[in-house]
Amino acid sequence: MVVIMADFRNLIWLGMISPLDLFIFIAGLGIGVLLVSLFFRRKPKAADEIREEESLYRQLFEQVSDSIIIGDLDGSIRDVNASLCALLGYSRSEILSAHISSFFDPENMKLDPLKYTSLTTGEHISNERPMRRKDGSVVWVDVNVKKSTENRIFAIVRDITERKRIEAELLESESKFRDLAEKSMVGFYITQDGKYQYVNRRFAEIFGYTPQELINSLPVENVIAEEDRHITLENIQARLDGLKDSVHYEVRGCRKDGSENVIEIFGNTTQYRGRPAIIGSVLDITDKKQAEQMLIREKTLSETIIRTLPGIFMIRNMEGGLFKWNENFEQITGWSPEEIIYSLPYSFIIPKDRERVKAIVQDLHQSGIVASIETEFIRTDGSTVPVYMTGTSFTWEGQQCVMASAIDVTRRRQAEQELSLSEQKYKLLFDSNPLPMFMASREDMLIVGANDAACALYGYTKDELLNMTLKDLKPEEDIGLLIENFNKDMFQPVDLGIRKHKKKDGSFVFVHVLVQDINYGGQAVRLTLSNDITQRLKNEEEIVRSRANLHSILNITDVGYVLFNKDFESVTFNQVAVDFGKREFKITLEKDKNILSYVSSNRTGRLETIISELRQGKPSEFERSYEQPDGSRNWYQIKLFPVIDSNTFLGVVISIEDISRRKVDEIHREKISADLMHRNQDLEQFTYIVSHNLRAPVANILGICNILKNDNLQHDARLNFERILTVSVEQLDSVIRDLNDILQASREVTERKIFIDFEELIIGIKSSIQNLIDEHSVQIFTDFKEINGTVSLRTYLHSIFYNLINNSIKFRKPGLTPAISISSHLNGKTVILNYKDNGIGIDLEKHGNEIFGLYNRFHSQVPGKGMGLYMVRTQVQLLGGNIRINSSPGEGTEFTIELPDSSAV
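Some points on the side chain of Asn485
Here comes step 1: In this fold, Asn485 is placed in helix H22 (residues 479-486).
Here comes step 2: Once you skip the residues sitting within four places of it in the chain, Asn485 turns out to touch Met490, Leu496, Arg499 and Arg526.

And the structure:
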């Protein structure tokens, strides 16, 4: 710690600080009790006694483990102790001749200046900031400063470099866990004190909730059927009591709507925020239980994921011995820590690959590049597990080592199958799907794949189907339509409706067909799913014949139904359909009324086309939305099914289902997808900086350092190379600071949100750049009458508008007074902020895709780094918002910022 304080000898005996003040300061050094006792026994002393006590204080000052500096308000340094010299690597004379600011990072000082000059006597301030050592390295410290009555200052500063590193690692670890959990098709949860502390989206969907409805809300057992809750509670208590480390069991779940499902639960004990907790996953296995119990045992992916988190990490020396690894290595191999420590080099690698792995390790030592290999780990039971291992050479604790990571190839492929439309995902879904599925070549319709369900439906063996084309499954009259559809590209799922298919025995079945074009094994194929609805159609015909029973059934569903006869006259309908007609069309359904009389004249033509298709046996399906008085929209899925008996058209069934909730969920998913795309773009830009912007100065530094090793280098040449080396170091430092700013922006999202008055925000920004405004006669007009503020992060909003206003001033049009207008609007629950200037503008046709990119600059005549708009977009997205730009050269620039409204203003 660094202490900036008044000189002990003067302050103590002149009475400038009290004993209590000194105790507060020295207590942080662990010697407060001794000094307080000396103060309270104080009495007039002779010169020898004074010198003796001064010597005592000097010994304490020098011998304490914390660092001390004595200084004045002008930043000059009066005295330091040995701990500070050791901390910074300077001699005492070097420090005493320097200004206190020279030991702090200049860029950090711009953002967070030293504030000791504004202290009042006895006042404490504390903050965290980086200090620079003599060797150029950085140490993070926690600074505690106090001003004395003699207008001198002292502070306590604690070395927190290690804590900062640990915090960063914890943040990265938590980010990786959440990224995995949120993308997973498995439900993840963390419970503590009988409540859910975290659930992912999939977990909430299994029980019909949103994550917000479960977290810190319902008791854990509320999502379990009442009859099975004792099982869950017993397992939870067993884990908390240490009787079980992990559990795996099946119970009946209880959805939000009261229905039940069958779930498979995995759980382990863990520590969450310093306290015992349970982490686990949940699989909804209802469909598997109903289809075939054997499928449950064949699909234990969720258990594998929860018991073995992705990724194996290890550090080994150049001889192949392991001396650092993570728990995943122990779990996958089954080796105990003692067995690993005393194992022979490369003993966990299968014998046939050991020499190859050893050679790669030696190459890493020589070249320093990253290398990968696919091999197999040997388990304690003698079995093996295939892994993909990547390693790189580095120096750790003074010795050359290899840091390696390994991924279980099987689990990696399974994860990829769940996160992308890969060949193996299609294979897994294809083989295990209870519905009949085909894959046919786009070139000649030859069937190249068929699952067991398809064989069972059509009566063929798999070998027989693989020697047939899709034409062989179609009635003669439908082959023309098959060819027509097959010639169309369908890269997205397409519903072809109901089709008539021929079985091996010559009989026909009616199937609901969904198709999509995919690439499988390097071959373009059409994936076809055929859902047998023959029985369903028969049931619908029976319903038509049993009109009396149908009416009571219709009135207990939340789907609206209207039945029309062959002349399209209404036969019956339920109350849901009646309410729909009144609410959305202001019409009243009546029996024996023709369907055309319910629609306006401008929509009659479209309805007549649908009627013609229905008479031909073609169903129709579409979605419609209707605006409500409060500005929201209700969405409905409307289906029209023809009722046919023995090729005779009997009538039509119309179903009307309210899908508003589903549409809201779809919009939410689209927003999440867009956010993921933005984050992927940010990661790509971050990777570009690391691989390009860092590599160039590092390469220069390495090259110049090698040249400077030459003792025969001329003095002038050496000076020139040293200047070039300085420039390269400064470039490297600049890139690192940029990276720090970007990462800092992401971390600051945890700041407490408060209500922010837009007018006060803009006034504050104007005050901070008043010199620029006056210099260029900038005019800023605001209009916040519609909405005057919102609840958000002040630092983010301040940074967003600070960057935009600064850009408008920098890129002003020559000869024209800069004018900026800012206004706010409210659209539902969204705050819209419009920002417009009359500057030189940007050519969006040329640079539209690069506007918010990192290090992108579009006007070379104005100095800058190209980070402003990148930080603006990043901070808007972290606030849950969106930003758009409209600009053209010479016409100024307009930004539209959309933020979620969290206020009640």
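Anyway, onward from the coordinates.
Structural notes on the pairing of strand S15 (residues 384-396)
Here comes step 1: With eight bridges connecting them, strand S14 (residues 371-378) and S15 associate as antiparallel partners. If you follow Glu374 over to S15, its bridge partner there is Tyr388.
Here comes step 2: Hairpin connection from S14 to S15: five residues lie between these consecutive antiparallel strands, with Gly382 at a positive phi of about 95°.
Here comes step 3: Taken together, the ten bridges between S15 and strand S16 (residues 399-408) define a ladder with antiparallel strand orientation. Residue pairing across strands places Thr395 opposite Gln400, the latter belonging to S16.
Here comes step 4: The antiparallel pairing of S15 with S16 creates a hairpin that spans two residues between the two strands, and Glu397 there sits at a positive phi of about 55°.

Quick look at helix H32 (residues 794-810)
Here comes step 1: The end-to-end C-alpha distance of H32 is 24 Å, a good match for the 24 Å that 17 residues give at a rise of 1.5 Å each.
Here comes step 2: Buried within H32 are the following residues: Tyr796, Leu797, Ser799, Ile800, Phe801, Leu804, Ile805, Asn806, Asn807, Ser808 and Ile809.

A few points about the sheet that holds strand S25 (residues 633-645)
Sheets are built from strands that pair by backbone hydrogen bonding, the pairs being arranged parallel or antiparallel.
Here comes step 1: Read across the open sheet, the five strands follow the order S23-S22-S26-S25-S24; overall the sheet is antiparallel. Of all strands in the sheet, those bounded by a partner on one side alone are strand S23 (570-573) and strand S24 (620-627). Each strand axis lies, on average, 20° off the axis of its neighbour in the sheet, ignoring direction.
Here comes step 2: Pairing geometry for strand S22 (residues 560-565) and S23, over three bridges, is antiparallel. Across the sheet, Phe564 pairs through a bridge with Ser570, a residue of S23.

Topic: the environment of Ile236
Here comes step 1: Take Ile236: it is sitting in helix H11 (residues 229-240).
Here comes step 2: Residue classification places Ile236 among the buried residues on the basis of a relative accessible area of 16%.
Here comes step 3: Between the C-alpha atoms of Ile236 and Gly267, which are 31 residues apart in sequence, the distance is 8.7 Å.
Here comes step 4: Contact partners of Ile236, with chain neighbours within four places excluded, come to Val220 and Ile278.

A look at the packing of aromatic side chains
Here comes step 1: Summed over all chains, the structure comprises 18 aromatic pairs.
Here comes step 2: Arranged with centres 6.4 Å apart and planes meeting at 85°, the rings of Trp335 and Phe348 form a pair that is edge-to-face. Placement of the pair is Trp335 in the loop between helix H15 (327-333) and helix H16 (337-341) and Phe348 in the loop between H16 and helix H17 (351-367), with a sequence separation of 13 residues. Taken individually, Trp335 and Phe348 each receive the classification buried, so the pair is uniform in this respect.
Here comes step 3: On the numbers, 5.5 Å between centres and 55° between planes, the contact of Phe758 with Phe784 is tilted.

Observations regarding the sheet that holds strand S33 (residues 893-900)
Here comes step 1: Reading across from one edge, S28-S30-S31-S33-S32 is the order of the five strands in this open sheet, with mixed pairing throughout. At either margin of the open sheet sits one strand with a lone partner, and together these are strand S28 (779-783) and strand S32 (882-887). The average undirected angle you get between the axes of adjacent strands in this sheet is 15°.
Here comes step 2: Inspection of the sheet shows S28 paired to strand S30 (residues 819-827) by five bridges, in the parallel sense. When the sheet's bridge partners are listed, Thr782 is paired in S30 with Ile822.
Here comes step 3: The sheet contacts of helix H30 (residues 758-768) involve S28, S30 and strand S31 (830-837), and relative to S28 the element is tilted by about 170°.
Here comes step 4: Sheet strands touched by H32: S28, S30, S31 and S33. Its angle to S31, the strand with the most contacts, is close to 20°.

A closer look at the pairing of strand S18 (residues 447-450)
Here comes step 1: Judged from the three bridges that link them, strand S17 (residues 437-441) and S18 form a sheet pairing that is antiparallel. Across the sheet, Ala440 pairs through a bridge with Ile447, a residue of S18.

Digging into the environment of Ser76
Here comes step 1: The residue Ser76 is located in the loop between strand S2 (69-72) and strand S3 (77-80) in this model.
Here comes step 2: Given the relative accessible area of 28%, Ser76 is considered partly exposed.
Here comes step 3: Considered as a pair, Ser76 and His99 are 23 residues apart in the sequence and their alpha carbons are 5.2 Å apart.
Here comes step 4: Leaving out residues up to four positions away in the same chain, Ser76 has contacts with Ile70, Gly71 and His99.
Here comes step 5: Within the structure, Ser76 has its side chain in polar contact with the side chain of Asp74 (distance 2.7 Å).

Digging into the packing of H32 against helix H34 (residues 868-878)
Here comes step 1: Contact geometry of H32 with H34 gives a least axis separation of 9 Å together with a crossing angle of 150°. With respect to H34, the axis of H32 lies roughly antiparallel. Note on packing geometry: the crossing formed by H32 with H34 is left-handed. Only Gly868, Leu869, Val872, Gln875, Val876 and Leu878 of H34 make contact with H32, whose side of the interface consists of Tyr796, Ser799, Ile800, Asn803, Leu804 and Asn807.
Here comes step 2: For the contact of H32 with H34, the residue count by class is seven nonpolar, five polar and no charged.

Calculation notes
Residues numbered from 1 in each chain as written. Predicted model: local features only at pLDDT ≥ 70, side-chain atom pairs only at ≥ 80, totals over all residues. Heavy atoms only, no water. Helix = DSSP H or I, 4+ residues; strand = E, 2+ residues; numbered from the N terminus. Contact = heavy atoms within 4.5 Å. Pairing = 2+ DSSP bridges. Expected span 1.5 Å × (residues − 1). Buried < 20%, exposed > 50% of the residue type's maximum accessible area, 1.4 Å probe, protein only. Axes fitted to C-alpha atoms, helices over the stretch in contact; angles between N-to-C directions. Phe/Tyr/Trp six-rings, centres within 6.5 Å; stacked < 30°, edge-to-face > 60°. Polar contact = N/O pair within 3.5 Å; in protein donor to acceptor, adjacent residues only side chain to side chain. Parallel < 35°, antiparallel > 145°, perpendicular 65-115°, else oblique. Left-handed = near helix turned anticlockwise from the far one by under 90°. Nonpolar A, V, L, I, M, F, W, Y, C, P; charged D, E, K, R; others polar.

Structural measurements only, silent on function.
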